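Chain residues, written in single-letter form:
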Amino acid sequence: MLYCFLMNLTRFSRKMVMKRLMLMRKKNENKTITEGPLKKFASALGKMQKKFKDDKCPIRTYIVTARSCDHSAGIRALKTLRAWGVTTNESHFLAGQSKMPVLEAIQAHIFFDDSEKNITNGIKSGVASAHVDQGDEQQTQ
């Protein structure tokens, strides 16, 4: 009986944490992410993209996130990249599924992620992968 109570309490706690997280994401979706280790790289990439006409640019940028497509997922990252001058060609919201099939399908040349596991899997898939510290959104959770 105690185990059942603890399981229900754990589910309730997870739901409350997720609800707060979704509210926080919604509240912050119009705030760009603070400058991090990739800001200069992303800005330089955006400048290179601008040297080409939209349909002729060989530089393609994707957002591939394990989040689902609801509750402002990825919106903040997309808006931040736009503010930094980067054009994003596609966004993939995977709702917890592996990123590797998408990275392989788009034939990614480089992959940045805040998860060591994803970086390891990226390297195993033959994609140059680099770990970045968690953004300020995750640090406030």
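Here the structure is a predicted model, which means the values were calculated and not measured. (Residues numbered from 1 in each chain as written. Predicted model: local features only at pLDDT ≥ 70, side-chain atom pairs only at ≥ 80, totals over all residues. Heavy atoms only, no water.)

Asks: What exactly am I supposed to notice about the pattern of salt bridges here?
Replies: Two side chains carrying opposite charge are able to pair once their charged atoms lie near each other. With the rule as written, the count across this model stands at 2 salt bridges. Across the pair glutamate 90 and arginine 60 runs a salt bridge, and its minimum N-O distance is 3.3 Å. Note that glutamate 90 is positioned in strand S2 (residues 90–93) and arginine 60 in the loop between helix H2 (39–50) and strand S1 (62–65), a separation of 30 residues in sequence. Taking relative accessible area as the criterion, glutamate 90 reaches 30% and is therefore assigned partly exposed. (Salt bridge = Lys/Arg side-chain N within 4 Å of Asp/Glu carboxyl O. Helix = DSSP H or I, 4+ residues; strand = E, 2+ residues; numbered from the N terminus. Buried < 20%, exposed > 50% of the residue type's maximum accessible area, 1.4 Å probe, protein only.)

Asks: Whenever I open this one, helix H5 (residues 116–124) confuses me. Can you help?
Replies: At 3.6 residues per turn, the α-helix brings residues three or four places apart onto the same side. Within the span of H5, buried status applies to Asn118, Ile119 and Gly122. Burial along H5 is one-sided: seen end-on, the buried residues are contained in an arc of 100 degrees. Across from the buried face of H5, at angles greater than 90 degrees, the exposed residues are Glu116, Lys117, Ile123 and Lys124. Looking at the packing, one finds that the buried side of H5 touches helix H4 (100–105), strand S3 (110–113) and strand S4 (128–131). Two residues or fewer after H5 comes glycine 126, characterised by a positive phi angle close to 85 degrees. (Arc of directions from axis to C-beta. Contact = heavy atoms within 4.5 Å.)

Asks: Could you clarify how one ought to interpret the side chain of asparagine 118 in this entry?
Replies: Within the secondary structure layout, asparagine 118 lies in helix H5. Once you skip the residues sitting within four places of it in the chain, asparagine 118 turns out to touch Lys99, Met100, Phe111 and Asp113.

Asks: When you look at the side chain of threonine 61 in this model, what are you seeing that I'm missing?
Replies: Among the structural elements, threonine 61 can be located in the loop between H2 and S1. A distance of 3.4 Å separates a polar side-chain atom of threonine 61 from the backbone oxygen of threonine 87. Sequence-distant contacts of threonine 61, that is, excluding residues within four places in its chain, are made with Leu45, Gln49, Val86, Thr87, Thr88, Asn89 and Glu90. (Polar contact = N/O pair within 3.5 Å; in protein donor to acceptor, adjacent residues only side chain to side chain.)

Asks: Explain helix H3 (residues 75–83) here, please?
Replies: Buried within H3 are the following residues: Arg76, Leu78, Thr80 and Leu81. In the segment just after H3, glycine 85 is the residue with positive phi, at about 90 degrees.

Asks: Hey, could you run me through the pairing of S3 in this one?
Replies: Regular strands show a simple pattern: their side chains alternate between the two faces of the sheet. Residue alternation in S3 divides its side chains into a buried set, Phe111 and Asp113, and an unburied set, Ile110 and Phe112. As for the winding sense of the linkage, the β-α-β connection from S3 through H5 to S4 is right-handed. (Right-handed = clockwise from strand over helix to strand, strands pointing away.)

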